[in-house]
Amino acid sequence: MAAFKRREFLKLSGALGLATLSTRLATAADTAVTSGAFDSKYFTLFKVLSNQIIPDTDTPGALACQVPEQMKAFILKVYGEQHISDYSRKLDALDSWLATHSGENWRSGDDKEHHGMVAALEDYSYDESPDSDVAAGYKETKELIVFHYYTSQQGATKTLHYDPVPGMYKGCEDLSVIGKTWATPNAY
């Protein structure tokens with residue numbers, strides 16, 4: 001009986017240790033997202049660009065779908081240190097370009113000013129200097145905005161034509177009717 005109690009004690013202490021560790025890891029991740037480990041000026045940039053690239057219309061826009069928050073969490077949880085460093089450099093170049101071309105207070109502009117700013121940024125990034133850090137930062141940010149918007153519940157169900165089961169499903173069909181079974185190439 002003494003060995004059984006010792007074994008139960010070891011199981012319980014191991015479970016408590018794992019629970020404490022997982023709680024600490026989750027808290028560290030949440031703190032990184034909210035603490036400014038990824039500069040807040042980038043978050044403002046995400047908000048301004050999200051609102052201009054996918055604004056509210058008859059369907060919810062990027063801000064309503066919390067795209068900037070999702071982007072920040074995604075970058076901190078998925079990107080490696082080197083990728084974050086490279087992306088931060090590109091975002092700094094983008095921020096400097098916006099300050100030069102739209103004024104130091106570009107963040108506090110209204111929608112009309114932001115629209116003109118993004119139009120100029122589009123021209124610069126795709127026509128004038130498509131290989132610069134500014135263009136690369138803008139293009140990556142735009143890709144993240146579109147990705148997070150269309151993978152959000154509202155973006156996927158209210159903006160896109162949502163069909164939970166594409167095509168007709170026939171559960172038990174005789175093989176002689178079908179002809180042969182279907183096969184698709186593995187994408188991986």
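Residues numbered from 1 in each chain as written. Predicted model: local features only at pLDDT ≥ 70, side-chain atom pairs only at ≥ 80, totals over all residues. Heavy atoms only, no water.

(A) Layout of the packing of aromatic side chains. In total, this model carries 6 aromatic pairs according to the counting rule given. Ring centres 5.9 Å apart and planes at 70 degrees place the aromatic pair Phe 74 and Tyr 79 in the edge-to-face group. Under the relative-accessibility criterion, Phe 74 is labelled partly exposed at 25%. Put simply, the rings of Phe 46, Phe 74, Tyr 79, Tyr 87 and Phe 147 pair up and form one aromatic cluster. (Phe/Tyr/Trp six-rings, centres within 6.5 Å; stacked < 30°, edge-to-face > 60°. Buried < 20%, exposed > 50% of the residue type's maximum accessible area, 1.4 Å probe, protein only.)

(B) Structural context of the side chain of Thr 141. Within the element layout of this structure, Thr 141 appears in helix H6 (residues 133-150). The exposure class assigned to Thr 141 is buried, which follows from its relative accessible area of 0%. Leaving out residues up to four positions away in the same chain, Thr 141 has contacts with Phe 46, Leu 49, Met 71, Tyr 87 and Leu 91. (Helix = DSSP H or I, 4+ residues; strand = E, 2+ residues; numbered from the N terminus. Contact = heavy atoms within 4.5 Å.)

(C) Main features of the environment of Tyr 150. Relative to the helices and strands, Tyr 150 is located in helix H6. Residues Tyr 150 and Ala 62, 88 residues apart in the sequence, show an inter-C-alpha distance of 9.1 Å. With residues up to four places along the chain from it excluded, the contact list for Tyr 150 reads Ile 54, Gly 155, Ala 156, Thr 159 and Leu 160.

(D) Focus on the nonpolar core. Residues Leu 49, Leu 94, Leu 98 and Leu 121 are the most contacted members of the largest nonpolar core, which totals 29 residues. Secondary structure elements with two or more residues in this core: helix H2 (40-53), helix H3 (67-78), helix H4 (81-102), helix H5 (111-128) and H6. The leading source of residues in this core is H4, at 7 residues. Setting aside residues no more than four positions away along its own chain, Leu 94 makes contact with Leu 45, Leu 49, Leu 121, Val 134, Gly 137 and Tyr 138. (Core = buried A, V, L, I, M, F, W, Y, C linked by side-chain atoms within 4.5 Å.)

(E) Focus on the environment of Phe 46. Inspection of the secondary structure assignment puts Phe 46 in helix H2. Its relative accessible area of 0% is what places Phe 46 among the buried residues. Separated by 17 residues in sequence, Phe 46 and Leu 63 place their C-alpha atoms 9.6 Å apart.

(F) Focus on the packing of H2 against H4. Direction vectors running N to C along H2 and H4 enclose 65 degrees, while the axes themselves pass 11 Å from each other. With respect to H4, the element H2 is oriented roughly perpendicular. In terms of crossing hand, the pair formed by H2 and H4 is left-handed. Between H2 and H4, the residues in contact are Lys 41, Tyr 42, Leu 45, Phe 46 and Leu 49 and Tyr 87, Ser 88, Leu 91, Asp 92, Leu 94, Asp 95 and Leu 98, respectively. (Axes fitted to C-alpha atoms, helices over the stretch in contact; angles between N-to-C directions. Parallel < 35°, antiparallel > 145°, perpendicular 65-115°, else oblique. Left-handed = near helix turned anticlockwise from the far one by under 90°.)

(G) Expanded view of the confidence of the model for the protein. Taken over all residues, the pLDDT of the protein has a mean of 79, while the share at 70 or more is 71%. No element of the protein has a lower mean pLDDT than helix H1 (residues 2-34), which averages 51, and none a higher one than H6, which averages 95. In this model residues 21-36 is a low-confidence stretch, pLDDT under 50, and it forms 8 contacts with partners more than four residues away in sequence or in other chains. (pLDDT = per-residue confidence, 0-100.)

(H) Looking closely at a nonpolar patch on the surface. Taken together, the side chains of Val 146, Tyr 150 and Leu 160 present a nonpolar region at the surface, about 230 Å² in accessible area. If you trace the backbone, Val 146 turns up in helix H6. (Patch = residues over 30% accessible without salt bridge, like charges linked within 9 Å, V, L, I, M, F, W, Y side chains within 5 Å. Areas by Shrake-Rupley, 256 points an atom, 1.4 Å probe, with all protein chains shown as cover. Salt bridge = Lys/Arg side-chain N within 4 Å of Asp/Glu carboxyl O.)

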